[in-house]
Amino acid sequence: MTQTRTDTPFLDRIAGPADLRRLGDRELAALARELRSELISVVSETGGHLGSSLGVVELTVALHAVFNTPMDKLIWDVGHQCYPHKILTGRRDRMRTLRKKGGLSGFTKRAESAFDPFGAAHSSTSISAALGFAVGRDMGQATGDAIAVIGDGAISAGMAYEALNNAGAEGRRLFVILNDNEMSIAPPVGAMSAYLGRLYRQAPFARLAEAAESAMPAPMREGARRARQLVRGMPGAGTLFEELGFDYVGPIDGHDMGQLLPVLRAARARATGPVLIHCCTVKGKGYAPAEKSADKYHGVSTFDVTTGAQAKKAGGPPSYTSVFGKALTEEAARDPDIVAVTAAMPAGTGVSVMAERFPARVFDVGIAEQHGVTFAAGMAASGLKPFCAIYSTFLQRGFDQVVHDVAIQGLPVRFAIDRAGLVGADGVTHAGAYDVAYLTCLPGFTVMAAADEAELTHMVATAAAHDAGPIAFRYPRGAGTGVALPERGEVLQIGRGRVLQEGEDVALLSFGAQLAECLAAAKALEDEGLSVTVADARFAKPLDTGLVLRLARRHRALVTVEQGAEGGFGSVVMHALARGGAFDRGLALRTMCLPDRFIQQASPAEMYADAGLTAADIAATARGALGIADTQTVVPIPLAR
Ligand SMILES: Cc1ncc(C[n+]2csc(CCOP(=O)(O)OP(=O)(O)O)c2C)c(N)n1
Ligand SMILES: CC(=O)[C@@H](O)[C@H](O)COP(=O)(O)O
Ligand SMILES: [Mg+2]
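Conventions and cut-offs
- Every chain is numbered on its own, with residues counted from 1 as its sequence reads.
- Chain letters start at A and ligand numbers start at 1, both assigned in the order the entries are written.
- Only residues with pLDDT of at least 70 are given local features in this predicted model, and only at 80 or more are side-chain atom pairs given and counted; all residues enter the totals for whole chains, interfaces and linings.
- Hydrogens are left out, water is left out, and the side-chain values use all remaining heavy atoms of the structure.
- Following DSSP output, two strands are said to pair if at least two bridges run between them.
- Helix and strand assignments come from DSSP, with helices taken as H or I runs of at least 4 residues and strands as E runs of at least 2, each series counted from the N terminus.
- Geometry is summarised by axes, namely lines fitted to C-alpha atoms with helices restricted to the contacting stretch, and by angles between N-to-C directions that run from 0 to 180 degrees.
- Residue contacts are counted whenever heavy atoms from the two residues lie within 4.5 Å of one another.
- Cysteine sulfur atoms that come within 2.5 Å of each other are treated as a disulfide pair.
- Accessibility here uses a 1.4 Å probe with only protein chains present; expressed as a share of the type maximum, an area under 20% marks a residue as buried, one over 50% as exposed, and anything in between as partly exposed.
- Here, the term nonpolar core denotes a set of buried Ala, Val, Leu, Ile, Met, Phe, Trp, Tyr and Cys residues that are joined through side-chain atoms within 4.5 Å.
- UniProt positions are given in the numbering used here, feature names are shortened, and annotations may be inferred rather than shown by experiment.
- For patch building, the residue pool is restricted to those with more than 30% relative accessible area and no salt bridge; the joining distance is 9 Å between like charges and 5 Å between nonpolar side chains (Val, Leu, Ile, Met, Phe, Trp, Tyr).
- Note that accessible areas follow from Shrake-Rupley with a 1.4 Å probe, and for residues the cover is restricted to the protein chains shown.
- Here a salt bridge means any side-chain nitrogen of Lys or Arg lying within 4 Å of a carboxyl oxygen belonging to Asp or Glu.
- The sign given to each residue is positive for Lys and Arg and negative for Asp and Glu; His and the chain ends receive no count.
- To locate a charge, the coordinates of NZ of Lys, CZ of Arg, CG of Asp or CD of Glu are taken.
- Given a helix with a known number of residues, its expected span is that number minus one, times 1.5 Å.
- The near set for a molecule or strand comprises every residue that places at least one heavy atom within 4 Å of it.
- Polar contact criterion, stated in full: a pair of N or O atoms within 3.5 Å, where within protein one must be able to donate a hydrogen and the other to accept it, and residues adjacent in sequence count only if both atoms are side-chain atoms.
- Polar here means any residue other than Ala, Val, Leu, Ile, Met, Phe, Trp, Tyr, Cys and Pro, which are nonpolar, and Asp, Glu, Lys and Arg, which are charged; Gly is therefore polar.
- Where a domain begins and ends is set by an automatic assignment or by a domain database.
- For Phe, Tyr and Trp, rings pair up if their centres lie within 6.5 Å, where Trp contributes its six-membered ring, and each pair is then called stacked (planes under 30 degrees apart), edge-to-face (over 60) or tilted (otherwise).
- Throughout this description, the term charge over a ring refers to an Arg CZ or Lys NZ atom that lies within 6 Å of the ring centre and within 35 degrees of the ring normal.
- Only nitrogen, oxygen and sulfur atoms count as donors, using a 2.8 Å cut-off from the metal that widens to 3.2 Å for Na, K and Ca. Water is left out, so coordination shells may look unfilled.

A.B. asks: In this structure, what is going on with the sheet that holds strand 4 (residues 247-253)? I would like to understand it.
C.D. replies: Whenever strands of a sheet pair, they do so through backbone hydrogen bonds, lying parallel or antiparallel. Pairing is parallel in the open sheet, where 5 strands are placed in the order 1-2-3-5-4. This sheet does not close on itself; its edge strands, each paired only once, are strand 1 (73-76) and strand 4. The mean angle between the axes of side-by-side strands here comes to 20°, regardless of whether they run parallel or antiparallel. Across 5 bridges, strand 2 (residues 146-151) lies against strand 3 (residues 174-180) in parallel orientation. The partner of A148 across the bridge, within strand 3, is V176. Across the face of the sheet, helix 11 (residues 257-270) comes into contact with strand 3, strand 4 and strand 5 (274-280) while running at roughly 165° to strand 4.

What follows is the structure, given as structure tokens:
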């Protein structure tokens, strides 16, 4: 049942865009006001990407009013700004399930609605997808216009240039709405951002010329118009987008329905080729706290609408990210060759901590992971010690650069891989599931995983000291375990794991932060009379083969546990055991990793339960490996804190 409120009479009449298209222009403006108020109310209860959604309220209404969605394909880049779009496309009554288990995705998702023609979450994909739809239309597929809405941050990524380059050459009818709010997550960086700013500042002069022209007597006006077109047509006289084959319209005020509607209608009526409409908006528009601190309101927890105060988990252990930022800064204080690279996420990765102390040694390359990896490789080749801090999921964007520019050349780039494992509300698209699989297959790579924040501190020191080749260390999103932090990170012996407790029946060999679950499982098994070894591998590559073969020799069963997909740590162990003949002696091996399916959004604990990686699951797997009939139902085992 659609939730109706007394102050949203227009919104209450909108079951979908078809209803919206029956409204007059003034009513559409009123609808936008109601939509913004609804959005603030919803996100105050759910949390999520508030700022970017507030910035596209009018744009969303106007696009659905002018274009015939869902036949016309509206593709949101990143998709984090799609909450107004979801409210208007029949999902208003489910908005309070946003980003929750079984609820609406926080991004566009094909399976969720016909109005979501293309999934997103990783940035800069929308123009490529839109061109794909445009070619489909031109080849007779049942699809209409393609409209990509891309932000000033997302358009700075290489993939967006590739798409502009191709679309401009193809010359097909296609709409790109550049949503320019002069913000990425942090303030934008790069020459493109500066260029867009210049276009915006030149706009009044362009308007002045047009106004002067329209004030001229008719015979002169035509001449002036032709002259202006001539100048504009001169090589280099147009905008970058026009030089690439796009018609460029704008910049226009992306919050003014009086500009949006006529411009979109005219573009839709006249376009014969690719058109880029430059809309200037404000991230967080219409909600003062979000306008004032656009970076802090990019992604919000639940908040008080009146004050804007966001709910924060009081106290609790420091986040892995903050521990990394602090440890990196301390290493950088000791070694002037240490530099850091981030791809538009200085705060998210924690390199902002180092930037406060050493601003000249921290480089934000924008949303450009491919460039960021090879940029770091170049720095390493020069003799610097670069820490390339990129979330696991976003490092996927730079994988060829990791292979081709870093691994093959054996360059000592240090990869700080945050958000390893399952991340919670961002769901499938942001899971840090694959980095162990795709890094351990690369010769010469060193791959570590921190079991807790103390281990993370040691791994930062180990990476800082490691000049022999590329090295990566991974750690999960969110708060640490509360373990005491060392004064200073110790350099670990490369390829050496550690044994936390010795037993005889079964060995639990953990790689990464699921160690706490292994210890809890061991306790439960010991309460049943079993004798359990728990070890932390620390390294997936080079693997501590001696430790692995010893565990195999001394136990009836060996269980590996990791926060990653098949093909990672467990596979490395399996190869080592096979090479060492461990299976010839009848070892019972179980490798516990993410199942071969995408784990849908929920809390991280719910996601790991869905993935079968809880302490209870580990205990049950150990019993099975020992041939003990697992008569017990899988009872949750509390973690020792
Ligand atoms: C490949 C990739 N890298 C990083 C991110 C993280 N990220 C999400 S939104 C965002 C900023 C996007 O800025 P912009 O396109 O201007 O959109 P706005 O938030 O300003 O509406 C970033 C860096 C991502 N989603 N995808
Ligand atoms: C939309 C996007 O990709 C980012 O905003 C991402 O959601 C940030 O993730 P964290 O919240 O884990 O920093
Ligand atoms: Mg932006």
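A.B. asks: For this particular structure, what's the right way to read the state of the cysteines?
C.D. replies: One covalent bond between the sulfur atoms of two cysteine residues makes up a disulfide. On inspection of all chains with the given rule, the structure shows 0 disulfides. The closest cysteine sulfur to the non-disulfide-bonded C388 is located on C441, 17 Å from its own sulfur. For C388, a relative accessible area of 1% puts it in the buried group. There is no disulfide at C441, and the cysteine sulfur nearest it, in C593, is 16 Å away.

A.B. asks: Sorry if this is basic, but what is going on with the nonpolar core here?
C.D. replies: One broad rule of soluble globular proteins: the nonpolar side chains tend to lie buried together. Judged by nonpolar contacts, the single largest core of 54 residues is most densely connected at L28, L31, L50, V61, L63, I177 and I277. Counting residues per element, this core draws most heavily on helix 2 (residues 25-46), which supplies 9 residues. Apart from residues no more than four positions distant in its own chain, V61 is found in contact with L20, L28, L31, A32, L35, L88 and M257. Ranked by size, the runner-up nonpolar core spans 52 residues in total, among them A368, V373, A540 and F569.

A.B. asks: Quick question: what am I supposed to make of the UniProt feature "domain: Transketolase-like pyrimidine-binding" (unreviewed entry) in the protein here?
C.D. replies: With numbering matched to this structure, UniProt assigns "domain: Transketolase-like pyrimidine-binding" (unreviewed entry) to residues 318-483. The distance separating the terminal C-alpha atoms of residues 318-483 is 10 Å; by composition the span is 43% helix and 15% strand.

A.B. asks: Mind showing me how you'd approach a positive patch on the surface here?
C.D. replies: Taken together, the side chains of R550, R553, R554 and R585 define a basic patch exposed on the protein surface. Take R550: its relative accessible area is 32%, and that puts it in the partly exposed class.

A.B. asks: Whenever I open this one, unusual backbone geometry confuses me. Can you help?
C.D. replies: Glycine aside, negative phi is the norm for most residues, and most peptide bonds take the trans geometry. For the peptide bond that leads from T69 to P70, omega is 5°, which places it in the cis range. Mapped onto the secondary structure, P70 falls in the loop between helix 4 (57-66) and strand 1. The omega torsion across K541 and P542 is -15°, close enough to zero to call that bond cis. Note that P542 resides in the loop between strand 15 (539-541) and helix 22 (545-554).

A.B. asks: Please explain helix 13 (residues 320-334) as it appears in this structure.
C.D. replies: For the α-helix, the turn length of 3.6 residues means that residues three or four positions removed from each other point alike. Compared with the 21 Å implied by 1.5 Å per residue over 15 residues, the 21 Å span of helix 13 between its first and last C-alpha is a close match. For helix 13, the set of buried residues is Y320, T321, V323, F324, G325, A327, L328, T329, E331 and A332.

A.B. asks: Where do I start with the site of ligand 2 in this structure?
C.D. replies: Near ligand 2, the surroundings consist of 13 residues, among which Y391, R419, D426, H430 and R477 are the closest. Contacts to ligand 2 include H49, whose side-chain N or O atom sits 2.9 Å from an oxygen atom. Between ligand 2 and the protein, one listed contact pairs an oxygen atom with a side-chain N or O atom of H430 at 2.7 Å. Class assignment for the residues of the shell around ligand 2 results in 6 nonpolar, 4 polar and 3 charged. When residues of the shell around ligand 2 are sorted by domain, at least three fall in each of domain 1 (11-292) and domain 2 (320-474).

A.B. asks: Sorry if this is basic, but what is going on with the packing of aromatic side chains here?
C.D. replies: Any pair of aromatic rings gets described here by the distance separating the centres and the angle formed by the planes. Tallying each qualifying case throughout the model produces 13 aromatic pairs. Relative to F569, the ring of F511 has its centre 4.9 Å away and its plane inclined at 15°; by these criteria the two rings are stacked. Placement of F511 in strand 13 (residues 506-511) and of F569 in helix 23 (residues 569-579) is noted, with a sequence separation of 58 residues between them. Neither F511 nor F569 differs from the other in exposure class; each is buried. Taking the ring centre of F358 as reference, the NZ or CZ of R361 above it sits at 4.5 Å.

A.B. asks: Mind showing me how you'd approach the coordination of the magnesium ion (ligand 3) here?
C.D. replies: Perfect tetrahedral coordination of a metal by four donors corresponds to 109.5 degrees between them, and perfect octahedral coordination by six donors corresponds to 90 or 180 degrees. Donor atoms from the polypeptide that coordinate the magnesium ion (ligand 3) comprise D152 (OD), N181 (OD1) and M183 (O), at 2.0 to 2.2 Å from the metal. On the basis of relative accessible area, N181 is assigned to the buried category, the value being 11%.

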